[in-house]
Amino acid sequence: MRKQTLLLAGLFLMSFQLMTAQGSPDYDGGLKFKFNEDGSKYLRLISWAQVQANYNTDDTFDANGNENSKLNFNLRRARVLMFAQINKDFLILTHFGLNSLTSSTLSPTGKGDGSQLFFHDVWAQYNLGKDHTIGGGLHYFNGISRLNNQSTLNMMTLDNNRQSWATIGLSDQFACHLGVFAKGKFDKLQYRVAINDASVSSLDSRAAVAGGDAVYNGRATLGSKDAGKTYAGYFDYNFLDQESNFLPYKVGSYLGGKKIFNVGAGFFLHPKGSVIDTGTALTPNLEGEDVSIFAVDAFYDAPIGDSGSALTAYAVYQNSDYGKDYLYSAYGTGSMIYGHVGYVFKGDKTKTRYQPYVSYGTHSYDAVKDDRSTLGVGVNAYMSGHNSKLTLEYKNETFGALDANTISLQAMIYL
């Protein structure tokens, strides 16, 4: 037993291998257990945590009429991801953790729903030659846009644009679907496509009202035969440096580590995903409405000269049809334009580098005259690339009577 323990400890200490990171001067990889000399058989581990302090500049009140504290703390993400290959032809990935643990979701003994770890991804995949792969499981090979496939390790803004994660909780489990996928590339054109089962559970648990708007729970209401499958795809052409598509998670900013210019387009289809009631209160008649979401986007990230400065820019147009006059939480039938731009100041890459940025999005809805708009202004302080980063951001969101202002400070470390 002692020999086995020493052997495992030796493997642990000797298995730190270099892998590409985004802009880190002194951390180019992570923990990788290699099972042969050339490292082609391995287990790779990644862990990260994002902790926030959020200050709401506006007065808010709880259900009992008591004024809420303006300052609140949030364990935004705590995750572990691991993947392994013992043969170049196949891979297994497991990703688990929790999100947004706050004073409202803490529980006395850590057994409440908000305190529980859950699987974000679990899939197996098989390579079909050098450039093409098929797989299945709970996966993140999504369609629509780059931001709907965004990694949470290297976002440029404090968090992802909420409306870009367009199906969270409606047809999937926290942006991941259960199904099969194919991904790969043809020269400079990368692709990912998937066929999935729609979740029976939906955040939208409303009942369709006669003559009313659509609700997104067709899978539960109409059954799996009529509304059980979703279809997704995203395609992007890499004009300059080629991005890796080994994993599905899209990089938010390379900090000038690559020269990237990509143009992409994607879709999500859920036949009869939503439901409307075309009958009366006494004689309801439920009918399915197809959910269809399409987007086009562009991403640019490149160094500026040799001084260490870099520019990151992104823009997307998204058209969303969730059914007749659909509007629920962040989702709605209509169109969205969103973009962000950031600039890394020149400086020594071995020291702290700063990246101010601005983001703006506007979303129009068929159901109402008011547009939703979001403005974010922030700055990242990279102490070791994305591996150790502080982000300070001011965000304003307006929609109808809503005019919310939040100042957030986030610390992130990933290993």
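- The name given to the protein chain in an unreviewed UniProt entry is Short chain amide porin, with Olleya marilimosa as the source organism.

## Looking at the layout of surface pockets
Then, in step 1: By volume, the second largest pocket is sized at about 310 Å³.
Then, in step 2: Lining the second largest pocket are 19 residues, with Lys130, Asp131, Lys183, Asn245 and Phe246 positioned closest to its centre.
Then, in step 3: Per-element accounting of the lining of the second largest pocket gives the leading share, 3 residues, to strand β8 (residues 177-186).

## Looking at empty space enclosed by the protein
Then, in step 1: Tallied over the full model, the rule gives 7 cavities of 30 Å³ or more.
Then, in step 2: Within this model, the largest cavity holds a volume of roughly 80 Å³.
Then, in step 3: Surrounding the largest cavity, 15 residues form its lining, Leu147, Gln150, Met156, Gly252 and His340 being those nearest its centre.
Then, in step 4: When grouped by side-chain class, the residues that make up the lining of the largest cavity number 7 nonpolar, 6 polar and 2 charged.

## Thoughts on the side chain of glutamine 85
Then, in step 1: Tracing the chain through its elements places glutamine 85 in strand β4 (residues 71-87).
Then, in step 2: Given the relative accessible area of 9%, glutamine 85 is considered buried.
Then, in step 3: Not counting residues within four places of it along the chain, the set of residues in contact with glutamine 85 comprises Ser40, Lys41, Tyr42, Phe90, Leu91, Asn127 and Phe246.

## Here we look at the confidence of the model for the protein chain
Then, in step 1: In the predicted model, the protein chain carries a mean pLDDT of 93, and the fraction of residues at 70 or more is 93%.
Then, in step 2: With pLDDT under 50 throughout, residues 1-20 is counted as low confidence; its partners more than four residues away or in other chains account for 22 contacts.

## Structural notes on unusual backbone geometry
One can expect most non-glycine residues to show negative phi and most peptide bonds to be in trans.
Then, in step 1: Notably, serine 100 is not glycine yet its phi reads approximately 50 degrees, a positive angle.
Then, in step 2: Mapped onto the elements, serine 100 comes out in strand β5 (residues 90-101).
Then, in step 3: Unusually for a residue other than glycine, lysine 272 sits at a positive phi of about 55 degrees.
Then, in step 4: Checked against the element boundaries, lysine 272 lands in strand β11 (residues 260-277).
Then, in step 5: You can call lysine 272 partly exposed: its relative accessible area is 34%.

## Considerations on the pattern of salt bridges
Then, in step 1: Enumeration over the complete set of coordinates arrives at 10 salt bridges.
Then, in step 2: For aspartate 197, the salt bridge is made with lysine 229, and the minimal N-O distance between the two is 2.7 Å. Within this pair, whereas aspartate 197 is found in strand β9 (residues 189-197), its partner lysine 229 is found in strand β10 (residues 229-238), the two being separated by 32 residues in sequence.
Then, in step 3: Connected through shared salt-bridge partners, Arg76, Arg77 and Asp159 make up one network.

## What to know about the packing of aromatic side chains
Then, in step 1: Going through the model one piece at a time under the given rule, you end up with 18 aromatic pairs.
Then, in step 2: Geometrically, the ring pair formed by phenylalanine 83 and phenylalanine 246 is edge-to-face, given 5.8 Å between the ring centres and 65 degrees between the ring planes. Placement of the pair is phenylalanine 83 in strand β4 and phenylalanine 246 in the loop between β10 and β11, with a sequence separation of 163 residues.
Then, in step 3: With a centroid separation of 5.3 Å and an interplanar angle of 70 degrees, the aromatic rings of tryptophan 123 and phenylalanine 141 are classed as edge-to-face. You can see tryptophan 123 sitting in strand β6 (residues 118-127) and its partner phenylalanine 141 sitting in the loop between β7 (132-139) and β8, a full 18 residues away along the chain.

Rules used in this analysis
- Residues numbered from 1 in each chain as written.
- Predicted model: local features only at pLDDT ≥ 70, side-chain atom pairs only at ≥ 80, totals over all residues.
- Heavy atoms only, no water.
- 1 Å grid on protein atoms, 1.4 Å probe; cavity = no way out; pocket = protein on both sides within 12 Å on 5 of 7 lines; lining within 4 Å.
- Points joined across faces, edges and corners; volume = space filled by probe spheres on them.
- Helix = DSSP H or I, 4+ residues; strand = E, 2+ residues; numbered from the N terminus.
- Nonpolar A, V, L, I, M, F, W, Y, C, P; charged D, E, K, R; others polar.
- Buried < 20%, exposed > 50% of the residue type's maximum accessible area, 1.4 Å probe, protein only.
- Contact = heavy atoms within 4.5 Å.
- pLDDT = per-residue confidence, 0-100.
- Salt bridge = Lys/Arg side-chain N within 4 Å of Asp/Glu carboxyl O.
- Phe/Tyr/Trp six-rings, centres within 6.5 Å; stacked < 30°, edge-to-face > 60°.

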